[in-house]
Amino acid sequence: MRLGLALPTFGPDARPEGIIRISRTAEELGFDSLWTGDRLLAPVAPSVPYPGVDGVMPRVYENHLDPLLGLTFAAAHTSRVRLGTSTLNALWQPPLMLARSLTTLDLVSHGRLDVGLGFGWMPEEYTAVDVPWDGRGARLDETLDVLEQYWAKDALAHDGPLFTVPDTVVGLKPHQRPRPPLLLAAFTPRGLRRIGRRLDGWLPGAMPMAALLGMWATIVKEAEAADRDPATLRMALRVNPLLTATPTGPERFPRAGTLDQYIDYSRAAEEAGVHELFVDFGQMSATLDERVDLAGRFIEGLRAG
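Residues numbered from 1 in each chain as written. Predicted model: local features only at pLDDT ≥ 70, side-chain atom pairs only at ≥ 80, totals over all residues. Heavy atoms only, no water.

Bringing the packing of aromatic side chains into the picture now. The relation between two aromatic rings is expressed through the spacing of the ring centres and the mutual angle of the planes. Going through the model one piece at a time under the given rule, you end up with 11 aromatic pairs. Relative to Phe278, the ring of Trp35 lies with its centre 4.3 Å away and its plane at 10 degrees, an arrangement referred to as stacked. Taken together, the residues span a long stretch of sequence, with Trp35 in strand 2 (residues 33-36) and Phe278 in strand 11 (residues 276-279) at a distance of 243 residues. Here Trp35 matches Phe278 in class, with each residue buried. Seen in terms of ring centroids, Tyr50 and Tyr61 are 6.0 Å apart; in terms of plane orientation they differ by 65 degrees. Their pairing is edge-to-face. One end of the pair, Tyr50, is in the loop between strand 2 and helix 2 (67-76); the other, Tyr61, is in the loop between strand 2 and helix 2, and 11 residues separate them in sequence. Feature note: the residues Phe10, Tyr50, Tyr61 and Trp121 constitute an aromatic cluster, connected by ring pairs. Lying across the ring of Tyr61, Arg39 places its NZ or CZ 5.5 Å from the centre. (Phe/Tyr/Trp six-rings, centres within 6.5 Å; stacked < 30°, edge-to-face > 60°. Helix = DSSP H or I, 4+ residues; strand = E, 2+ residues; numbered from the N terminus. Buried < 20%, exposed > 50% of the residue type's maximum accessible area, 1.4 Å probe, protein only. Lys NZ or Arg CZ within 6 Å of the ring centre and 35° of its normal.)

So, about the layout of surface pockets. Rolled over the atoms, a probe as big as a water molecule pinpoints where empty space is left. In this structure, the largest pocket spans a volume of roughly 1,500 Å³. Around the largest pocket, the lining is made up of 47 residues, and of these Tyr50, Pro51, Trp121, Phe187 and Asn240 lie nearest the centre. For the lining of the largest pocket, the secondary structure elements donating two or more residues are helix 5 (136-152), helix 6 (189-198) and strand 10 (234-239). Each residue belonging to the lining of the largest pocket can be placed in one class, and the counts come to 24 nonpolar, 15 polar and 8 charged. Its volume calculated, the second largest pocket comes out at about 340 Å³. Asp66, Pro67, Leu68, Leu69 and Gln93 are the residues nearest the centre of the second largest pocket, which is lined by 19 residues in total. Those elements that place two or more of their residues in the lining of the second largest pocket are helix 2, strand 4 (88-89) and helix 3 (95-108). Split into classes, the residues belonging to the lining of the second largest pocket amount to 10 nonpolar, 6 polar and 3 charged. (1 Å grid on protein atoms, 1.4 Å probe; cavity = no way out; pocket = protein on both sides within 12 Å on 5 of 7 lines; lining within 4 Å. Points joined across faces, edges and corners; volume = space filled by probe spheres on them. Nonpolar A, V, L, I, M, F, W, Y, C, P; charged D, E, K, R; others polar.)

Interaxial distance between helix 1 (residues 16-29) and helix 9 (residues 288-304) falls to 11 Å at its minimum, and their mutual angle equals 15 degrees. Taken as axis vectors, helix 1 and helix 9 run roughly parallel relative to one another. In this structure, helix 1 meets helix 9 at a crossing whose hand is right-handed. Between helix 1 and helix 9, the contacting residues are Gly18, Arg21, Ile22, Thr25 and Leu29 on the first element and Leu288, Asp289, Arg291, Val292, Ala295, Gly296, Ile299 and Arg303 on the second. (Axes fitted to C-alpha atoms, helices over the stretch in contact; angles between N-to-C directions. Parallel < 35°, antiparallel > 145°, perpendicular 65-115°, else oblique. Left-handed = near helix turned anticlockwise from the far one by under 90°. Contact = heavy atoms within 4.5 Å.)

This brings us to the pattern of salt bridges. Taken as a whole, this structure holds 19 salt bridges when the rule is applied. Of the charged contacts in the structure, one is a salt bridge between Arg2 and Glu276, with a shortest N-O distance of 3.8 Å. Residue Arg2 is found in strand 1 (residues 2-6), and its partner Glu276 is found in strand 11; the two are separated by 274 residues along the sequence. The exposure class of Arg2 is partly exposed, given its relative accessible area of 34%. With a shortest N-O distance of 2.8 Å, Arg267 and Asp264 are connected by a salt bridge. (Salt bridge = Lys/Arg side-chain N within 4 Å of Asp/Glu carboxyl O.)

And the structure:
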């Protein structure tokens, strides 16, 4: 199982120095990847509760960097680790502009990009960019149509319900062929079906292992129904530790627990066949020094097992 680490693109350490330190720490410690998320607003009173422990959005989201620019900066200070988005809210910009940005990042990183897409959770962010909250699934499907054409063809034309791209030559191509891996964060039956039928992998969040494997079985079944090889799909599991001084019971874990509990959970994920797992120690109140220390203890604990 590959191991990843979240970049500090949220909160007080969302600064050039923070990105450089975590990026270099990841390579020095032997992590395989770096990941960043996407946030546009921090509303004073969001209309939808945050999908977390208490429904309150973490304060770190009040300070947020552009995810693709953050990864580009990390790419310039690393040479080995892969660079992923978990997740990039792809519907906030026209697909042609998204294709250009993603292709550029894949080129400048020499093919290290993993494109993890998602919908976000706040209608207010969609309002701010003048994109409707309703119809997100159809908008994503058409966005994927444009991305796939952009990467596969030397000429592109698209005339869809939402987007129109006139006939154009496409000279810019990604380093990875035929395209950078496309993963999706989804948990509904329709979302899992979309992953199995047209994407390259799944971006779940930490949950009880039985639930995780049940959803993955649905993705595998959908891939088989579409005559796709499930073995080509991958799962990259996000873990947002909320560390406690004493072990928590099953009613709280993996929402909260000790570092040893998260290490044991990661071992169980590896045994269950999870392809990649990455941790974000920036979702709680932790200094940059503490994040580096926790990353070292986490990977050492897994290696010791």
